[in-house]
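A structural walkthrough
Chain residues, written in single-letter form:
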Amino acid sequence: YVTQHKDLSQRVKPKSESVVPLFHESRQLGQEKTVLHKIRSISPVPPPLSETLTRNEPKGVAPAAEMEGSISSLEAGSKEDRQWKEMKLQLDDLPGILARLSKIKLTALVVSTASAGFAMAPVPFDVTCFLLASLGTGLASCAANSINQFFEVPFDSNMNRTKNRPLVRGQISPLLAVCFAAACGVPGIALLTLAVNPLTGALGAFNIFLYTCCYTPLKRVSVANTWVGALVGAIPPVMGWTAATGSLDAGAMLLGGILYSWQFPHFNALSWGLREDYSRGGYCMMSVTHPALCRRVALRHCLALIGLCAAAPVLDVTTWTFPIISLPINLYISYLGFRFYRDADRSSSRRLFFCSLWHLPLLLLVMFTCKKPLLEKEEKGDLLSGNHGRAVEIRLP
């Protein structure tokens, strides 16, 4: 039994010795596999720039010199761009630059509303006085708009709508812009004061002050700037009325009220689509800071136009046909104002803005066609003076 056990142990021992090396070999193979799996191909590291320059010194001198020359030329060009350069103004471009400086389209609107006020006055039409009043009002508007752009250069440069103005682009110097404003404002106010009447000249001077010294700085302080700007736009038709009559009557206040209310749906709808621009420029507009108030005020003044038109025959400015004829266009702009108040999107604001562009000229045209005849007013005045005379005769025996 012992001999058999030894034989068995001798037989088993070679098997265990044979098993262990196989296990170690498999582990070694596994480790080699993992090592081979982790090794990846790596691109050769490029030599440092100093070594390449030292190795290829005779060949690389010219490209390095060219590179240094191009860098130095770029630096010199950037320095030249930052340096002050004398502006070269072509005389052929000056009329267009001055027209954009004075906001010629806005000036044309101001003159047209002043002309409407002159035409609605209950006096005979004087062509000479009309032309002088229109010229003086236009010059005053050019002066106010030029001073406004002079003050707003750093803010206009941040807005897409105003970044191409002449002062922002450097097409005209600030000194020349101020001289142009003085050359328009002083003769304009003098013409209104001396050739028309002092009341109209005072209104023109007050409007320049209100636009440049009140409305312009207030745009970056409070949303009340919109109400001040609406007052600025309401004064030109009053100036036209006073140029014809020489006095402030109820008709002048009515025309000013119509222009005052019309500007809120016009400007609020315009500013709604320019909220990003006004925000970048740092302007405190209702559309940016108080969007609900912006829509509510626009709708409120659309409805106010209906009441103002209804007051025209009561104040003896038009006949009773004017409120009836103007009612459809006033209802339509009020409907668009309600859509703008309800939807509050760019589509509704754009529709209201474009409606305001044709609403005002059409409303003033209808108002002029429904103007009360001058003969009827003279007969009414004579009748009142006759009754007063009879009353005096009755009192005095």
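No experiment lies behind these values; they were computed from the predicted model shown.

1. A few points about the overall build of the protein chain
When helices and strands are tallied, the protein chain shows 18 helices and zero strands. Looking at the 397 residues of the protein chain, the share that counts as buried comes to 37%. Accessible surface, the protein chain as shown: approximately 23400 Å² in total, 66% of it carbon and sulfur.

2. Structural notes on the pattern of salt bridges
Tallied over the full model, the rule gives seven salt bridges. Asp 343 serves as the salt-bridge partner of Arg 339, at 3.1 Å between the closest nitrogen and oxygen. On the criterion of helical spacing, the pair formed by Arg 339 and Asp 343 is a turn pair, its members being four residues apart in helix α16 (residues 321-343). Residue classification places Arg 339 among the partly exposed positions, given a relative accessible area of 22%. You can call Asp 343 partly exposed: its relative accessible area is 30%. As a salt-bridge pair, Asp 343 and Arg 342 come within 3.2 Å of each other at their nearest N and O atoms.

3. A look at the UniProt feature "transmembrane region" (unreviewed entry) in the protein chain
Using the residue numbers shown here, the UniProt feature "transmembrane region" (unreviewed entry) corresponds to residues 106-125, 131-151, 172-193, 199-218, 225-244, 250-272, 293-314 and 320-340. Helix and strand shares over residues 172-193 are 91% and 0% respectively, and the end C-alpha atoms of the span are 31 Å apart. In residues 320-340, the share of helix is 95% and the share of strand is 0%. The end C-alpha atoms are 31 Å apart.

4. Regarding the environment of Thr 245
By the element assignment, Thr 245 lies in helix α11 (residues 225-245). C-alpha separation for the pair Thr 245 and Pro 122, spaced 123 residues apart in sequence, amounts to 7.7 Å. Beyond its immediate sequence surroundings of up to four residues, Thr 245 is in contact with Ala 121, Pro 122 and Val 123. There is a polar contact of 2.8 Å between the side chain of Thr 245 and the backbone oxygen of Trp 241. Engagement of the side chain of Thr 245 in a polar contact is seen with the backbone oxygen of Ser 247, the distance being 3.1 Å.

5. Digging into the packing of aromatic side chains
To describe a pair of aromatic rings, you give the distance between the ring centres and the angle between the ring planes. Under the counting rule described, the total for this entry stands at 13 aromatic pairs. Judged by centre distance (5.2 Å) and plane angle (45 degrees), the ring pair of Phe 125 and Phe 130 falls under tilted. For Phe 125, a relative accessible area of 49% corresponds to the partly exposed category. Ring centres 5.3 Å apart and planes at 75 degrees place the aromatic pair Tyr 260 and Phe 264 in the edge-to-face group. Here Phe 264 and Tyr 260 lie together in helix α12 (residues 250-272), a separation of four residues that amounts to about one turn. What makes Phe 264 buried here is its relative accessible area of 0%. One aromatic cluster is present, built from ring pairs that chain together Phe 155, Phe 267, Tyr 278 and Tyr 283. Here the basic side chain of Arg 220 rests over the ring of Phe 155, its NZ or CZ set 4.0 Å away from the ring centre.

About the criteria used
- Residues numbered from 1 in each chain as written.
- Predicted model: local features only at pLDDT ≥ 70, side-chain atom pairs only at ≥ 80, totals over all residues.
- Heavy atoms only, no water.
- Helix = DSSP H or I, 4+ residues; strand = E, 2+ residues; numbered from the N terminus.
- Buried < 20%, exposed > 50% of the residue type's maximum accessible area, 1.4 Å probe, protein only.
- Areas by Shrake-Rupley, 256 points an atom, 1.4 Å probe, with all protein chains shown as cover.
- Salt bridge = Lys/Arg side-chain N within 4 Å of Asp/Glu carboxyl O.
- UniProt positions renumbered as here; feature names shortened; annotations may be inferred.
- Contact = heavy atoms within 4.5 Å.
- Polar contact = N/O pair within 3.5 Å; in protein donor to acceptor, adjacent residues only side chain to side chain.
- Phe/Tyr/Trp six-rings, centres within 6.5 Å; stacked < 30°, edge-to-face > 60°.
- Lys NZ or Arg CZ within 6 Å of the ring centre and 35° of its normal.

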